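Listed here are the chains, written in short residue letters.
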Amino acid sequence: MSLDTRWVLAWITNSQQAIADARIELIDLDRKIGDGDHGENMDRGFTAVRKAVEKDEPADIQTALKLVAKTLMSTVGGAAGPLYGTAYLRAAKAADGKAELGAAELADLFEAALGGIQARGKAVEGEKTMVDAWAPAAKAAREAADRGESAADALRAAAAAGREGANATEPMKATKGRASYLGERSIGHLDPGAVSSAILIEQAVEALNG
Ligand code: ADP
Ligand code: MG
């Protein structure tokens with residue numbers, strides 16, 4: 001499948017299912033270094049997203065991602081709501097007027113999402129946040145595009161790098177967000193937002209199968 005409107009709609013549907021399946025895992029992760037609400041927040045948000053998409057099916061990639069952004073901002077709350085909201089909003093802007101994404105355009109989309117998260121949260125790589133999943137994902141997509149790989153292969157590379165990035169948050173000390181209150185005690189746990197980000201990016205790959 002190419003990275004078109006059907007793909008983005010499948011990405012959204014799959015994201016809702018995967019986040020619902022990961023609800024307990026994300027709650028447990030956030031309980032260890034935060035306040036335990038990340039799984040609940042994300043499940044609520046993506047349930048609302050799925051409802052919104054089914055009520056009024058978006059006609060193109062930009063409209064779909066904009067609807068995700070708007071819905072997440074108004075339903076997720078916590079730190080993650082505005083961060084993800086801004087990520088999807090910037091991603092939507094990057095997809096403006098495109099019926100289908102090539103590898104370079106996919107890299108643009110990931111870089112835009114990362115830029116949105118960083119504009120909002122001011123975190124850089126290594127601070128144990130969702131940036132640690134999105135930054136390597138965006139970089140992998142760009143490198144794949146520069147090598148002349150297909151959009152699907154660039155997406156696969158991004159998802160693998162995003163998951164690796166999320167896993168790499170375990171030994172990090174949190175210096176942004178609620179987990180930073182724990183200081184050294186945040187070490188030895190995965191960052192919940194990096195894990196939810198890895199899940200969402202992986203679902204973009206799953207969506208290639210419809
Ligand atoms: P809250 O921390 O308000 O309870 P959530 O639990 O929903 O919100 O989300 C926590 C996640 O948000 C963290 O695991 C981290 O990935 C992400 N996060 C928090 N602060 C920042 C920030 N400044 N920049 C990027 N991501 C952040
Ligand atoms: Mg929390």
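Residues numbered from 1 in each chain as written. Chains lettered and ligands numbered in written order. Predicted model: local features only at pLDDT ≥ 70, side-chain atom pairs only at ≥ 80, totals over all residues. Heavy atoms only, no water.

### Digging into the side chain of Asp132
Definition in use: Put simply, DSSP marks the helices as runs of H or I at least four residues long and the strands as runs of E at least two long, and each gets a number from the N terminus on. Type-normalised accessible area, obtained with a 1.4 Å probe on protein chains alone, sets the label of each residue: buried when under 20%, exposed when over 50%, and partly exposed for intermediate values. We score Asp and Glu as negative and Lys and Arg as positive, and we do not count His or the chain ends. When a carboxyl oxygen of Asp or Glu is within 4 Å of a side-chain nitrogen of Lys or Arg, the pair counts as a salt bridge. Polar contact is the term for a pair of N or O atoms within 3.5 Å; when the atoms are in protein, one must be able to donate a hydrogen and the other to accept it, and sequence-neighboring residues count only if both atoms are side-chain atoms.
Along the chain, the position of Asp132 falls in helix 7 (residues 131-146). Although Asp132 is buried, it makes no salt bridge; Lys128 carries the closest opposite charge, 8.2 Å away. Side-chain polar atoms of Asp132 contact the backbone nitrogen of Gly126, separated by 2.6 Å.

### Description of helix 7
Owing to its 3.6 residues per turn, the α-helix brings residues three or four apart onto one side. What counts, and what does not: The span you would expect from a helix comes to 1.5 Å times its residue count less one. Contacts are assigned to residue pairs that have any heavy atoms within 4.5 Å of one another.
An ideal rise of 1.5 Å per residue puts 22 Å on 16 residues; helix 7 measures up with 22 Å between its terminal C-alpha atoms. Of all the 16 residues making up helix 7, 12 are buried; the element is thus mostly covered by neighbouring parts of the structure. Those residues of helix 7 that sit buried are Val131, Asp132, Ala133, Trp134, Ala135, Pro136, Ala137, Ala138, Ala140, Ala141, Ala144 and Ala145. On its buried side, helix 7 packs onto helix 5 (80-94), helix 6 (103-121), helix 8 (151-167) and helix 9 (192-206).

### Here we look at the packing of aromatic side chains
To keep things clear, this is the line we draw: Note on aromatic contacts: the rings of Phe and Tyr and the six-membered ring of Trp form a pair at centre separations within 6.5 Å, being stacked when their planes are under 30 degrees apart, edge-to-face when over 60 apart, and tilted otherwise.
Under the definition given, this model contains 4 aromatic pairs. Ring geometry for Trp11 and Tyr88: centres 6.2 Å apart, planes at 45°, overall tilted. Of this pair, Trp11 sits in helix 1 (residues 5-21) while Tyr88 sits in helix 5, placing them 77 residues apart in sequence. Here the two residues Trp11 and Tyr88 agree in accessibility, since each one is buried. With 5.8 Å between their ring centres and 45° between their planes, Phe110 and Trp134 make a pair best called tilted. Of this pair, Phe110 sits in helix 6 while Trp134 is found in helix 7, placing the two residues 24 residues apart along the sequence. You'll find Phe110 and Trp134 in the same group, each marked buried. Each residue in the set Trp7, Trp11, Phe46 and Tyr88 is aromatic and connected to the rest through ring pairs, giving one cluster.

Read these as geometric descriptors, not functional statements.
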